[in-house]
Every structure is written in C-alpha cells, then in structure tokens.
Amino acid sequence: MSFENLRKVKLGNYPTPLEKMENMTKLLGKGNLYIKRDDATGPAFGGNKTRKLEYLIREAIDTGCTAVLTVGGTQTNHGRTTVGAAVKYGLKPILVLSGKDTGYLSGNLTLDAMMGADIYFVTDPKQTPQVIEDVCEKYAQQGDKVYVIPGGGSNPVGAVGYIKSIEEILKQMEEQQLKIDHLVCTVGSMGTFGGMLLGAKYYNAPF
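Owing to the predicted nature of the structure, the values given are computational and were not obtained by experimental measurement.

(A) Main features of the overall build of the protein chain. Summing up its helical and strand segments, the protein chain has seven helices and six strands in all. In sequence order, the protein chain lays out its α and β elements as β-α-β-α-β-α-β-α-β-α-β-α-α. Taken over C-alpha atoms, the radius of gyration comes to 18 Å for the protein chain, in line with the 17 Å a tight globule of 207 residues would show. Across its three principal axes, the protein chain shows a C-alpha extent of roughly 55 × 40 × 30 Å. Every one of the 207 residues in the protein chain was classed for burial, and the buried ones make up 43%. Relative to all contacts within the protein chain whose residues are 6 or more apart in sequence, the contacts with residues 24 or more apart total 74%. Side chains of the protein chain carry 23 positive and 21 negative charges; the gap between the two charge centres is 5 Å.

Below is the structure:
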C-alpha cells in the first residue's frame, strides 16, 4: 500500500503558517529566513508530534485498541500531545516516563493529569521495556487493548506525517512565490527529519 493511501484522524490545523523571520533575516544578513509554524498545529498546544499522531491514532483505532501508551521524559511534549490526541478519540492515555515521581505535578505533568492520563514512572531506563510489557498486561486483564507508540512517535507510520508535510510546504512556496534552497530541522528521535528527507525525495523538492 502506498503511504498516500494511509488513513488518518483529524488532529491538526493545516496548513500551518510559513512565516518570514524579518528580524533574524536582518540580524544574520545571510538571506531570507522562514519558519514553518508547526507549533500551531494543536491539540494540547501542538508541536511536531501532531502530524505523526494523526496516522498513529488512526492505526490504533483501526486495530481495535482502546488505550494508547507512549514513553518519554517526565516533561515530554510528545507525551502531552499524545494524551490530548488519545482523549479526543476516546482512547485511554497511558504514559511511562523516565524519571522519579516527585510527588507533585508541574508543567506538562499537570496537563497530562488534567486530561486523565495514567502515569507510571521508571527510575532505571533499562527497565522501561519490562514496565511497558507489565503495564500492557495489566490493562489487558482489565479488558483493554493497548497500542504502544514509540518515543517521539517515530516509526514508519508516524513518519508519514512529515513525508506529507513537504507537499504542504511546496504548495505554500508556490502560493507565496518563494524560493527555498535549504530546510533545517532539529533532531531527536529522527522521525520528523526522516519523514521530511523522504518527502523531499518523493516530491522532488528543490531544497
């Protein structure tokens, strides 16, 4: 099956703006600089995970899952966005977080709790795979089927969101009559970068 035919849920608000960074352009004097505002995607304040989660949540629903589990640090933005996406589509959100349980909520943990996430802490990262297995078994005994999303939503299914993002950028370049030579992307779990790299090749992008 072509990735073009993969189904997805609706989470983000697209197209996200492609804005010129006037001050940075003047400051550096190296040519026009633009920023793709994927911080404006939503839900739960958005970010680059939303495009991935549209495909991952769809797969969770299509495979009959009733809960979604993902991993990250205690203040993971990916986790927060995953919780928001799961809740929107009636799935139970579960987080397995690397770090100590401080006994109080702050930052993203507050938002995770407000949205109803079940949160498990792992102080030894080496134990994370076993904790995930144990947590999935616990929910299975309660009648739930858990869909596990890797850190950052970075797998072939999630990367499709950023393959498709290139099509969106190319359309904006045409509409705004922009010439873009390079696209810069920070990296963590590599899913966003990997998707964009594949998308640039697939859509024959000029950058």
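(B) Structural detail: a nonpolar patch on the surface. A cluster of nonpolar side chains, contributed by Val187, Met190, Phe193 and Leu197, occupies part of the molecular surface with about 350 Å² of accessible area. On the secondary structure map, Met190 appears in the loop between helix H6 (156-176) and helix H7 (191-202). By relative accessible area, which is 42% here, Met190 ends up partly exposed.

(C) Structural view of the packing of helix H3 (residues 77-88) against helix H4 (residues 107-114). Where H3 meets H4, the closest approach of the two axes is 9 Å, and the angle between their N-to-C directions is 15 degrees. As far as their axial angle goes, H4 and H3 are roughly parallel. Classified by chirality, the crossing of H4 by H3 is left-handed. From H3, Asn77, Gly79, Arg80 and Val83 reach across to H4, where they touch Asn108, Leu111 and Asp112. Its residues assigned to classes, the contact of H3 with H4 shows two nonpolar, three polar and two charged.

(D) Seen up close, the pairing of strand E3 (residues 67-73). Burial runs high along E3: six of the seven residues are buried. Examined bridge by bridge, E3 and strand E4 (residues 92-98) share seven bridges and lie parallel to one another. Paired with Leu69 across the strands is Ile94, a residue of E4. A crossover links E3 with its parallel partner E4, the connecting element being H3, and its sense is right-handed. Bridging between E3 and strand E6 (residues 146-149) involves four bridges; their strand directions are parallel. Looking at E6, one finds that Leu69 is bridged to Val148.

(E) Quick look at the state of the cysteines. Tallying each qualifying case throughout the model produces zero disulfides. With no disulfide partner, Cys136 has as its closest neighbouring cysteine sulfur the one in Cys65, 9.3 Å distant.

(F) Expanded view of H3. End to end, H3 covers 17 Å across twelve residues, agreeing with the expected 16 Å (1.5 Å per residue, within 8%). All buried positions along H3 are accounted for by His78, Gly79, Arg80, Thr81, Thr82, Val83, Gly84, Ala85 and Ala86. For H3, the side-chain oxygen to backbone nitrogen distance between the N-cap and His78 is 3.2 Å, and the N-cap itself is Thr76. After H3 finishes, the residue Gly90 shows a positive phi value of roughly 75 degrees.

Rules used throughout
- Residues numbered from 1 in each chain as written.
- Predicted model: local features only at pLDDT ≥ 70, side-chain atom pairs only at ≥ 80, totals over all residues.
- Heavy atoms only, no water.
- Helix = DSSP H or I, 4+ residues; strand = E, 2+ residues; numbered from the N terminus.
- Rg over C-alpha atoms; globule rule 2.2 N^0.38 Å.
- Buried < 20%, exposed > 50% of the residue type's maximum accessible area, 1.4 Å probe, protein only.
- Contact = heavy atoms within 4.5 Å.
- Lys, Arg positive; Asp, Glu negative; His and termini not counted.
- Charge placed at Lys NZ, Arg CZ, Asp CG, Glu CD.
- Patch = residues over 30% accessible without salt bridge, like charges linked within 9 Å, V, L, I, M, F, W, Y side chains within 5 Å.
- Areas by Shrake-Rupley, 256 points an atom, 1.4 Å probe, with all protein chains shown as cover.
- Salt bridge = Lys/Arg side-chain N within 4 Å of Asp/Glu carboxyl O.
- Axes fitted to C-alpha atoms, helices over the stretch in contact; angles between N-to-C directions.
- Parallel < 35°, antiparallel > 145°, perpendicular 65-115°, else oblique.
- Left-handed = near helix turned anticlockwise from the far one by under 90°.
- Nonpolar A, V, L, I, M, F, W, Y, C, P; charged D, E, K, R; others polar.
- Pairing = 2+ DSSP bridges.
- Right-handed = clockwise from strand over helix to strand, strands pointing away.
- Disulfide = S-S within 2.5 Å.
- Expected span 1.5 Å × (residues − 1).
- Polar contact = N/O pair within 3.5 Å; in protein donor to acceptor, adjacent residues only side chain to side chain.

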